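Given next are the chains, with one letter for each unit.
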Amino acid sequence: MFKVHLPLQMALGECPLWDAERQRLYWIDIRAAQLHRFDPASEAHGVVALDESIGCIALHAEGGFVAALRSGLWRLDAHGRKLQRLAANPEDQATGRFNDGRCDGAGRLWAGTMDEAERTPCGHLYCYHAGRLVAMKANVTVSNGLAFSPDGRYLYHADSPRRVIERHRFDVASGELGPAERWISLDDCNLAGFPDGAAVDSAGHYWCALYAGGGVARFTPDGRLADLHRLPVPNPTMIAFGDRDLRTLYVTTARQGLEETALARAPLSGALFSMRVEVPGLEEPRYRET
Ligand code: BGC
Ligand code: CA
């Protein structure tokens with residue numbers, strides 16, 4: 001059962017990220033351009049305002065973050081201050097922005113883009129490493145659901161409006177990506193909503209937030225629905241495993257797009273939720289230059 005971890009009212013809470021070294025949870029509010037942190041030991045919650053919208057964050061091996069901001073990929077310090085722009089956003093910043101992303105096991109950053117109107121497939125899934133930003137997948141409307149199998153042999157990715165999660169063979173040593181394979185279809189599983197952010201546990205289960213579907217679905221490594229955990233809000237956005245044993249599942253949620261009546265029915269929209277689980281998650285890989 002999910003419980004309210006912090007009763008926030010985030011417009012678009014996203015990208016929960018557990019820092020195992022500091023034992024802290026980080027996440028963002030894309031629309032409010034904020035970086036949040038929470039220390040479970042002291043229960044202290046902090047928020048930093050950024051000067052532009054942010055799509056995702058990953059930990060940097062040498063401290064701080066790599067972040068996909070509207071203007072491009074940036075290195076941020078531990079307080080969210082810009083240190084250096086790593087790559088410009090190659091797309092139209094007026095209509096699109098970076099969205100979901102994370103690092104692979106070799107320390108490359110993968111981050112996708114989206115059409116903010118969620119209509120045109122003008123986005124891409126990019127891979128950034130050591131000064132090079134390469135488009136690995138085109139024709140994406142809302143890039144989401146990025147994750148890797150624990151053995152690094154598969155990359156998972158969803159273009160949310162299609163309600164399908166694709167799987168690609170992946171070579172973590174070379175960074176090479178195989179063709180897309182249809183892996184999970186929300187239609188076939190009778191699930192409502194859209195595949196949003198995901199996390200893979202140490203047994204290879206793919207946990208996926210169902211945006212507009214009011215729950216988090218867990219899928220087996222062969223793509224079958226294992227269970228569905230409901231939330232009291234319609235828009236969960238992404239998942240992270242955290243705490244010392246990596247057995248607390250944190251979920252961010254969003255208020256955006258909900259009418260007054262929907263908000264009255266789901267007043268906890270925008271909160272951070274958590275739930276204890278049996279199978280631990282995996283430590284999140286950090287961005288590494290070499
Ligand atoms: C995006 C939102 C979008 C949602 C559902 C999120 O990852 O950041 O802008 O509304 O997915 O498609
Ligand atoms: Ca997302």
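Keep in mind it's a predicted model, so treat the numbers as computed, not measured.

About the criteria used
Residues numbered from 1 in each chain as written. Chains lettered and ligands numbered in written order. Predicted model: local features only at pLDDT ≥ 70, side-chain atom pairs only at ≥ 80, totals over all residues. Heavy atoms only, no water. Near = heavy atom within 4 Å. Polar contact = N/O pair within 3.5 Å; in protein donor to acceptor, adjacent residues only side chain to side chain. Areas by Shrake-Rupley, 256 points an atom, 1.4 Å probe, with all protein chains shown as cover. 1 Å grid on protein atoms, 1.4 Å probe; cavity = no way out; pocket = protein on both sides within 12 Å on 5 of 7 lines; lining within 4 Å. Sits in = over half its atoms within 2 Å of the grid points. Pairing = 2+ DSSP bridges. Helix = DSSP H or I, 4+ residues; strand = E, 2+ residues; numbered from the N terminus. Axes fitted to C-alpha atoms, helices over the stretch in contact; angles between N-to-C directions.

Student: Before we go on, may I ask you to explain the site of ligand 1 in this structure?
Tutor: Around ligand 1 sit 13 residues in total, of which Arg97, Asn99, Glu118, Asn144 and Gln256 are the nearest. Note that an oxygen atom of ligand 1 is positioned 2.5 Å from one of the side-chain N or O atoms of glutamate 118. With respect to ligand 1, the side chain of aspartate 196 contributes an N or O atom lying 3.0 Å from an oxygen atom. Considering ligand 1 on its own, with 310 Å² of exposed area, one finds that the protein chains cover 97% of that surface. Applying the majority rule of atoms within 2 Å of the grid points places ligand 1 in the second largest pocket.

Student: Just checking my understanding: could you explain the pairing of strand β5 (residues 44–49) for this structure?
Tutor: Two faces belong to every sheet, and in a regular strand the side chains alternate between them. By the bridge criterion, six bridges tie strand β4 (residues 34–39) to β5 in an arrangement that is antiparallel. Note that in β5 the partner of glutamine 34 across the bridge is alanine 49. Counted between consecutive antiparallel strands, the loop separating β4 from β5 contains four residues, among which glutamate 43 sits at a positive phi close to 65°.

Student: I'm lost on the sheet that holds strand β19 (residues 206–211) in this one. Help?
Tutor: Two orientations exist for strands paired in a sheet by backbone hydrogen bonds: parallel and antiparallel. Within the open sheet, the four strands sit side by side as β18-β19-β20-β21. Their pairing is antiparallel. In this open sheet, the two edge strands, each paired with only one partner strand, are β18 (194–200) and β21 (225–230). Sheet twist, expressed as the mean angle between neighbouring strand axes with direction ignored, is 25°. Direction of pairing for strand β20 (residues 215–219) relative to β21: antiparallel, over a ladder of five bridges. Across the sheet, glycine 215 pairs through a bridge with arginine 230, a residue of β21.

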